[in-house]
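Breakdown of the fold
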Amino acid sequence: MLYWAVLFFIVAIVAAVFGFGGIASASAGIAQVLFFIFLVLFVVTLIMRLVRRV
């Protein structure tokens, strides 16, 4: 999932450089959502591993 977030972020940067504001904005928004989903899943996984060890 982090891969997809980075990919959409790169698409947003390229689109912004070429002046496609709408595409850049949409790609940046998607990248942000995917990144936060990744963070939530990462934290949940860490907590589950800590709980399982005890």
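What sets the pattern is the α-helix's 3.6 residues per turn: residues three or four places apart point alike. Its 33 residues give helix α2 (residues 21–53) an end-to-end C-alpha distance of 48 Å, which sits within 8% of 48 Å, the value for a rise of 1.5 Å per residue. If you check which residues of α2 are buried, you get Ala-24, Ser-27, Ala-31 and Leu-34. Its buried side turned inward, α2 meets α1 (2–17).

This part covers the packing of aromatic side chains. Scanning the model with the defined rule gives four aromatic pairs in all. An aromatic cluster is defined as three or more aromatic residues linked by ring pairs; in this entry it consists of Phe-35, Phe-36, Phe-38 and Phe-42.

Before going further, it helps to examine the side chain of Ser-27. Looking at the element boundaries, Ser-27 is found in helix α2. The residues touching Ser-27, leaving out its near neighbours within four places in the chain, are Phe-8, Val-11 and Ala-12.

The rules behind each value
- Residues numbered from 1 in each chain as written.
- Predicted model: local features only at pLDDT ≥ 70, side-chain atom pairs only at ≥ 80, totals over all residues.
- Heavy atoms only, no water.
- Helix = DSSP H or I, 4+ residues; strand = E, 2+ residues; numbered from the N terminus.
- Expected span 1.5 Å × (residues − 1).
- Buried < 20%, exposed > 50% of the residue type's maximum accessible area, 1.4 Å probe, protein only.
- Contact = heavy atoms within 4.5 Å.
- Phe/Tyr/Trp six-rings, centres within 6.5 Å; stacked < 30°, edge-to-face > 60°.

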